[in-house]
Amino acid sequence: MNEAKAILKVRGLYKTFKRKGVAAEAVSDGTFELMPGEILGIVGESGSGKSTLLRCIACLERPTAGEIELDGRNIAGKRPSNVCRTVQMVFQDAANSFNPRMKTGAAIDEAVRQLAGLSGGSVRKRRDELIRMVGLDPSLGERYPGELSGGQCQRLAIARTLAGEPKVLLCDEVTSALDVSAQAQIAGLLAALRRELGLAIVFVSHDLALVGGVCDRILVMRGGKIVETGAAMEMLTAPREEYTKLLLSSVLSVEDGYEE
Amino acid sequence: MMKGRPAARAAVKRRVWVFLILAILLVALAVAAPALAPNDPNRTNSDFMKIAPCAQFPLGTDKLGRCVLSRVLMGARTSIFSSLCVVAASFAFGTVLGVLCGWYGGALDELVMRAVDILLAFPQMVLAIAVAGVLGGSLLNAMIAMGITGWTLYARLARSAVLTLKNEPFIAAEKLSGCGTPRLLCRHVLPNIFGPLLVNAATQIGTMMIGIAGLSFLGIGVTPPQAEWGSMINEARAYIQLAPWTVLAPGGAMLITVMIFNYLGDSVRDLMDVSGQSHE
Amino acid sequence: MNDALLKIEDLSLSYGGGLVAADVTFDVRRGETLAVVGESGCGKTSLLKAVLGLDGLGVAVESGRVIFDGRPLSEMPKKARRALLGGEIGMIFQNPGAAFNPIRSYKKQFSELLKSHGRFQGESSYAEIRECFEKLGLPEGERILNSCPYEMSGGMNQRVAIAAAMLLRPKLLLMDEPTSALDVTTQKTVLDELSRLKALTEMAMILVTHNLGAAARIAERTAVMYAGRLVEYGGTQAVLKTPCHPYTRCLIDAIPKLDGRLPSGLEGQPPLYGAEMPGCAFRDRCPLRRPDCAERPYAQEEAEPGHFAACAEGRI
């Protein structure tokens, strides 16, 4: 693998939070790389540090130590406005990813104006284009987030992130609050966006089966540390670490019978 | 995705309209007072002192022969506008400070919150009396005295609302959409914290009105002969048994006004509660 | 003969101005677990609200009956219905924090709960509570009793909520997505504990979930709902391994299997108030739709003994 080609390099990332004087390490020694057009999965349960890791990359948090190199630039500790044209993030709570008092289309317009620098009539045109790109009808832009389903909100949130044509999309448990068919729709959308736009995606989830289906490579995180990495199929069929095996066995499969 | 229950929401909305219209009528009455007053409120008349309500003086006259109705109407102007002013100024000042404290935290937050704690350590009216006493009796000084503690309510509310709102994903999403801090605060934070602040503002109008009236009642507010409900009650205290209408009229007017604004605040809060419930 | 503890007969429900469920018929036998699965908005939560029978939840019964233990709920006076709750019908919510006041100790809240049902007996009640905790895999019962909900994780709070529901020994336990807010490893543990409890008591359970894997794990029978109608109903194994209805088949296909492939998503959304539509509400998204699907009346056909479906096109 030609190292210079990685679109995202994270090296020795540490993030410590101080809560009531007690220091807690949310992320320890996070190190990995993301290639352009690759979908990397991060699996872990709550408290594993996966969200914090993503927030550091999106510059929503300032890392305590470590380097983050995005498309050749060092971005650790910068502000979101410095990086938002290259890296974007989608959150778990889709409905609350939009200002409840603004129509979703207006929020996308804001992103289009600020990230793509468009103005006037071309803003609306680009907004409709983005909404169609995520498989929805542009009329949904006239609704408020509270009037849409979780799946629809999430798709519109993804549409908004595409306004600036980012190279990396960070997805933080974007399917966890959705039901099973909406989850599959979003997974399919992300795979299509990778195909059509060459987006590199980091897909964080606690659902190992879904991650295995969507991602090329998987990282397993526990207690702030990366405990195992490998190709998706390898992790699903022959995991090495105990924790990964535990996660695998916790997957509730329809194939399992009803146990007496 | 249903928000609230339509029937309950409709009932609450109706109530909000009713009280909003009543409040607007009150303000309109206050604005039109000079036109509506049957007699000159300041004109004294030794022939008509302490006269019971009659055709010429619909609410009677006070000890100096002045028309009570006219004074009540002009007093409405003083009371309502002064309290609206104080509330508006406290609202603006307190909200801005509270938002900045909540957003930036740090030294500013510590400083302002300690100042709030100190101000709130004194009972509001006692502090107001002290301030008005020091500054001297006048309507403006009474307003300042009430306003000194009035802003703290909004500062605290705004600050805690901002602290909660800061963690919402849409704030992070807007940062990633390229929003700078000023735009974030004006377009995304303020509109989402207005609700509880407005409710408190509506209720505070009544509190301010009673406070200013109280200061005037004690003689450190409005200077006579300006018509103001509190000072009217004070002046008429001595002969309440001889001419009860001189006390009942301003007292009743204040009661009705404060009630209307309080109910307005309550129904706006109910409206927000009902629309805040969204069940699957 | 194991007769039905809960019978739902031709139930139609409205919420917020439209029909959210129509002609729903099923029953739950004593000691049995029924899973009700479907996408969000299919009416499964409204069904639970109808069984709870509380007026304040916004769900109105348009027609049909809910019969609990031989007594129709609609004919019971309000007081009697309220007495049922907690005592005979227990409920567990999706959000582990929803059932308790986050800043009061569990000890206080449990004693209040028992007192309000007239079952508080001082020290022996606390001993019983600790025993219940043990059964649910919560060690150090005393420490938990002295803690407040906000100090504990979601998984532990949910298990405590289950313990609280169990304490009153209900005949029927209603669960609305009890494990979706929990971590995967905790989800499996909680489900396993629920099945163990089932074996120990004779409690019937209704599990409302969109997670078919959870249904497969603990439910004897499964009902699949779409847009307010029951589209398939039968033994869990039969419904999940040999589904009849195209929607059930699509749902199963949408689940990511551990084969490294992308699950096939079902495009579109269920129609709002689909129960009011003539014909099959699924036709717009159905891969097997036929021209007559628009007029086809809703009817449950028995594909096999005990296995009902509104449409058998999905059978291979």
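Source: prediction; values computed, not measured.

Peer 1: Sorry, what's going on with the overall build of chain A here?
Peer 2: Summing up its helical and strand segments, chain A has 9 helices and 10 strands in all. Expected size for 260 residues packed as a compact globule is a radius of gyration near 18 Å; at 19 Å, chain A falls within 12% of this value. Seen along its three principal axes, the alpha-carbon backbone of chain A occupies a region of about 55 × 50 × 45 Å. Within chain A, the fraction of its 260 residues that count as buried is 53%. Look at the contacts in chain A between residues 6 or more apart in sequence, and 65% of them connect residues 24 or more apart.

Peer 1: Can you help me understand the interface of chain C and chain A in this one?
Peer 2: How big an interface is tends to be stated in terms of the accessible area lost upon association of its parts. In this assembly, 38 residues from chain C lie in contact with 33 residues from chain A. Listing elements by their share of the side of chain C that touches chain A, those giving two or more residues are α7 (184-200), α8 (212-218), α9 (236-241) and α10 (246-254) of chain C. For the side of chain C that touches chain A, the leading source of residues is α8(C), giving 6 residues. Tallied by class, the residues present in the side of chain C that touches chain A amount to 16 nonpolar, 14 polar and 8 charged.

Peer 1: Explain the packing of helix α5 (residues 124-135) of chain B against helix α8 (residues 181-217) of chain B to me, please; I cannot follow it from the model alone.
Peer 2: Helices that pack against each other are described as a pair by the angle of their axes relative to one another and the distance between those axes. All names here are of chain B. It is the contact of α5 with α8, at a shortest axis distance of 11 Å, that shows an interaxial angle of 50 degrees. The orientation of α5 relative to α8 falls into the category oblique. Crossing geometry of α5 relative to α8 is assigned as right-handed. Between α5, through M125, A128, I129 and A132, and α8, the contact on the second element is made entirely by G211, G214 and L215. Of the residues contributing to the contact of α5 with α8, the split by class is 5 nonpolar, 2 polar and no charged.

Peer 1: How should I be thinking about the interface of chain B and chain A in this particular structure?
Peer 2: If you look at the interface, chain B gives 17 residues, while chain A gives 24 residues. Among the elements of the structure, α7 (169-176) and α8 of chain B are those that each provide at least two residues to the side of chain B that touches chain A. Tallying contributions element by element places α7(B) first for the side of chain B that touches chain A, with 6 residues. Partitioning the side of chain B that touches chain A into residue classes produces 8 nonpolar, 6 polar and 3 charged.

Peer 1: Explain unusual backbone geometry to me, please; I cannot follow it from the model alone.
Peer 2: In most cases, non-glycine residues show a negative phi, while peptide bonds are predominantly trans. A positive phi angle, near 50 degrees, is found at A:D71, a position not held by glycine. Topologically, A:D71 is positioned in the loop between β4 (65-70) and β5 (73-74). The backbone phi angle of C:D69 is positive, close to 55 degrees, even though this residue is not glycine. When you line up the elements, C:D69 lands in the loop between β4 (59-68) and β5 (71-72).

Peer 1: Help me out: how do you make sense of the sheet that holds strand β10 (residues 225-231) of chain A in this one?
Peer 2: For sheets, the rule is that strands pair by backbone hydrogen bonds, running either parallel or antiparallel. Residue and element names in this part refer to chain A. Strand order in the open sheet formed by 6 strands is β6-β7-β8-β3-β9-β10, and the pairing between neighbours is mixed. What marks the edges here is a single partner per strand, and that holds for β6 (87-90) and β10. On average, each strand axis in the sheet is tilted by 20 degrees relative to the strand beside it, whichever way the strands run. Here β6 runs beside strand β7 (residues 168-172); their pairing, made up of 4 bridges, is parallel.

Peer 1: In this structure, what is going on with α5(B)? I would like to understand it.
Peer 2: Side chains three or four residues apart in an α-helix point the same way, a direct result of the helix having 3.6 residues per turn. Over its 12 residues, α5(B) runs 16 Å from end to end, which matches the ideal 16 Å to within 8%, given 1.5 Å per residue. Once α5(B) ends, the next one or two residues include B:G136, with phi positive near 100 degrees.

Peer 1: Could you clarify how one ought to interpret the nonpolar core in this entry?
Peer 2: It is characteristic of soluble globular proteins that their nonpolar side chains tend to be buried jointly. Membership of the largest hydrophobic core comes to 188 residues, with the highest contact counts inside it found for A:L170, A:C171, A:V202, A:F203, C:A163 and C:L207. For this core, the element with the most residues is helix α6 (residues 154-167) of chain C, which contributes 9 residues. In terms of nonpolar packing, the next biggest core, distinct from the first, is built from 65 residues, B:C67, B:A201, B:A202 and B:A253 among them.

Peer 1: Help me understand the pairing of β7(A), please; the structure alone is not making it clear to me.
Peer 2: Consecutive side chains along a regular strand alternate between the two faces of the sheet. Residue and element names in this part refer to chain A. β7 sits mainly inside the fold: 5 of its 5 residues count as buried. Along β7, one buried face is formed by V168, L170 and D172 and the opposite face, lined by L169 and C171, is buried too. The sheet contact formed by β7 and strand β8 (residues 200-205) spans 5 bridges and is parallel. Across the sheet, L169 pairs through a bridge with I201, a residue of β8. The parallel pair β7 and β8, bridged by helix α6 (residues 180-197), forms a crossover whose chirality is right-handed.

Thresholds applied
Numbering of residues starts from 1 in every chain and runs along the sequence as written. Both sets of labels track the order of writing: A upward for chains, 1 upward for ligands. Only residues with pLDDT of at least 70 get local features here, since the model is predicted, and only at 80 or more are side-chain atom pairs given and counted; chain-wide, interface and lining totals rely on the full set of residues. Strands here mean DSSP runs of E at least two residues long; helices mean DSSP runs of H or I at least four residues long; both are numbered from the N terminus. Radius of gyration means the value over C-alpha atoms here, while the globule rule gives 2.2 Å times the residue count to the 0.38 power. Once C-beta atoms are placed from the backbone, each residue is buried if 20 or more other C-beta atoms lie within 10 Å of its own, exposed if 12 or fewer, and partly exposed for counts between those two. Here contacts are defined at the residue level, using C-beta atoms placed from the backbone and a cut-off of 7 Å between them. Three residue categories are used. Nonpolar comprises Ala, Val, Leu, Ile, Met, Phe, Trp, Tyr, Cys and Pro, charged comprises Asp, Glu, Lys and Arg, and polar comprises the others, including Gly. Each axis is a line fitted through C-alpha atoms, and for a helix only the stretch in contact is used; angles between axes span 0 to 180 degrees, taken between their N-to-C directions. Any angle between 65 and 115 degrees counts as roughly perpendicular, while under 35 counts as roughly parallel, over 145 as roughly antiparallel, and the rest as oblique. In a left-handed crossing the near helix is turned counterclockwise from the far helix by less than a right angle, and in a right-handed crossing that turn is clockwise. Strands pair, by our definition, only if DSSP identifies at least two bridges between them. Expected span of a helix: the number of residues minus one, times 1.5 Å. Here, a nonpolar core means buried Ala, Val, Leu, Ile, Met, Phe, Trp, Tyr and Cys residues linked by C-beta atoms lying within 7 Å of one another. Crossovers are marked right-handed if the path from the first strand over the helix to the second runs clockwise, as seen with the strands pointing away from the viewer.

Note that every value here comes from positions in space, so none of it alone points to a role or purpose.
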